[in-house]
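The residues making up each chain are set out below.
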Amino acid sequence: MKDSINSEEQIVGLINESREKYEGTFKASVDDVEFMFADTKLVFYRAGDEYFIIGADDKRNSVAFCVPRAIKEGPHEVKWYKGGLVWSVSKDGDFHEIQQGVATVTFLQSGEYKYGVKGKIDFSLPRVGKITGKFEIKLRE
């Protein structure tokens, strides 16, 4: 998917495809000022060897990143890496690729079945600031 369309389109496509499948929240701040609160546009999507985690609001703000599927329950610190989904932040409609940071994730699971994820992010984005946040996303029951 990443090779066929650009990263912003990929994220929008995943959000549209996943509408109403997930519940939870994703809050994100830049330099301790909240810029995004998502409670309907949430994604926890299995894509090959990764999970894509996305939160977006109605004001064109979003946070997107991926983590390896192989990690166990957690919490695990996942350092930025180049995966199937570009780690990114969109603030006020301006798209920014993350080049460094950490996501701490804990999978919500029943046996081996992972039905959700929770954790926090700590990304560094030059010229924008420090992006931090907390999330909990799971399949709707």
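Going along each chain's sequence as written, the residues are numbered from 1 onward. Residue-level local features of this predicted model are given only where pLDDT is at least 70; pairs of side-chain atoms are given and counted only at 80 or more, and the full residue set underlies all totals for whole chains, interfaces and linings. With hydrogens and water excluded, all non-hydrogen atoms of the structure serve as input to the side-chain values.

So, on to the overall build of the chain. Helix and strand content of the chain: one helix and 11 strands. Along its sequence from the N terminus, the chain presents helices and strands in the succession α-β-β-β-β-β-β-β-β-β-β-β. Taking 141 residues into account, the globule formula puts the C-alpha radius of gyration at 14 Å, and the chain, at 14 Å, falls close to it. Reported as C-alpha extents along the three principal axes, the dimensions of the chain are approximately 45 × 30 × 30 Å. The rule is simple: take the accessible area with a 1.4 Å probe, protein chains only, and divide by the maximum for that residue type; under 20% is buried, over 50% is exposed, in between is partly exposed. Scored against the burial criterion, the 141 residues of the chain give a buried share of 45%. In this description, contact between two residues means that some pair of their heavy atoms is separated by no more than 4.5 Å. Taking the contacts inside the chain whose residues are at least 6 apart along the sequence as the reference set, 51% of them involve residues at least 24 apart. Accessible surface area values rest on a Shrake-Rupley calculation with a 1.4 Å probe, where residue burial reflects the displayed protein chains alone. In the structure as shown, the chain presents an accessible area of about 7700 Å², 46% of it carried by carbon and sulfur atoms. Distance between charge centroids for the chain: 2 Å, based on 21 positive and 23 negative side chains. Here a helix means four or more residues in a row that DSSP labels H or I, a strand means two or more in a row labelled E, and each is numbered from the N terminus. Between the two quantities, the radius of gyration covers C-alpha atoms and the globule rule is 2.2 Å times the number of residues to the power 0.38. Positive charges are assigned to Lys and Arg, negative charges to Asp and Glu, while His and the chain termini are left out of the count. For this purpose, a charge sits on NZ of Lys, CZ of Arg, CG of Asp or CD of Glu.

Turning next to the sheet that holds strand β9 (residues 100-110). One bridge is not enough; two strands pair if DSSP finds at least two bridges between them. Taken together, the six strands give an open sheet; going across it, the order is β2-β1-β11-β10-β9-β6, and neighbouring strands pair in antiparallel fashion. Each edge of the sheet is formed by a strand with only one pairing partner; in this case those strands are β2 (33-38) and β6 (76-79). Each neighbouring strand pair of the sheet contributes to a mean axis angle of 15°, computed without reference to strand direction. The pairing of β6 with β9 spans four bridges and is classified as antiparallel. Directly across from V78, in β9, lies its bridge partner A103. Comment: axis = line fitted to C-alpha atoms, over the contacting stretch for helices; angle = value between 0 and 180 degrees taken between N-to-C directions.

When a carboxyl oxygen of Asp or Glu lies within 4 Å of a side-chain nitrogen of Lys or Arg, that pair is called a salt bridge. Under the counting rule described, the total for this entry stands at five salt bridges. Between K91 and D92 there is a salt bridge, and its shortest N-O distance comes to 3.3 Å. Using a relative accessible area of 24% as the deciding quantity, one classes K91 as partly exposed. For D92, a relative accessible area of 54% puts it in the exposed group. What you see here is one network of salt bridges that share partners, running through E20, E23 and R140.

Across the sheet, which stays open at both edges, the five strands sit in the order β3-β4-β5-β7-β8 with antiparallel pairing between neighbours. The strands lining the two open edges of the sheet, one partner per strand, are β3 (41-47) and β8 (94-97). With direction set aside, neighbouring strand axes in the sheet form an average angle of 15°. By the bridge criterion, three bridges tie strand β5 (residues 62-68) to strand β7 (residues 88-91) in an arrangement that is antiparallel. The residue bridging S62 from the neighbouring strand is S90, located in β7.

Moving on, we come to the side chain of S7. As for its placement among the helices and strands, S7 is situated in helix α1 (residues 7-18). Judged by relative accessible area, which is 13%, S7 ranks as buried. Beyond its immediate stretch of four places on either side in the chain, S7 contacts V86 and F95.

Turning to the environment of N6, a few remarks are in order. On the secondary structure map, N6 appears in the segment before α1. What makes N6 partly exposed here is its relative accessible area of 40%. On a C-alpha basis, the gap between N6 and V86 in space is 9.6 Å, while along the polypeptide they are 80 residues apart.

By themselves, these figures tell us nothing about what the structure is for.
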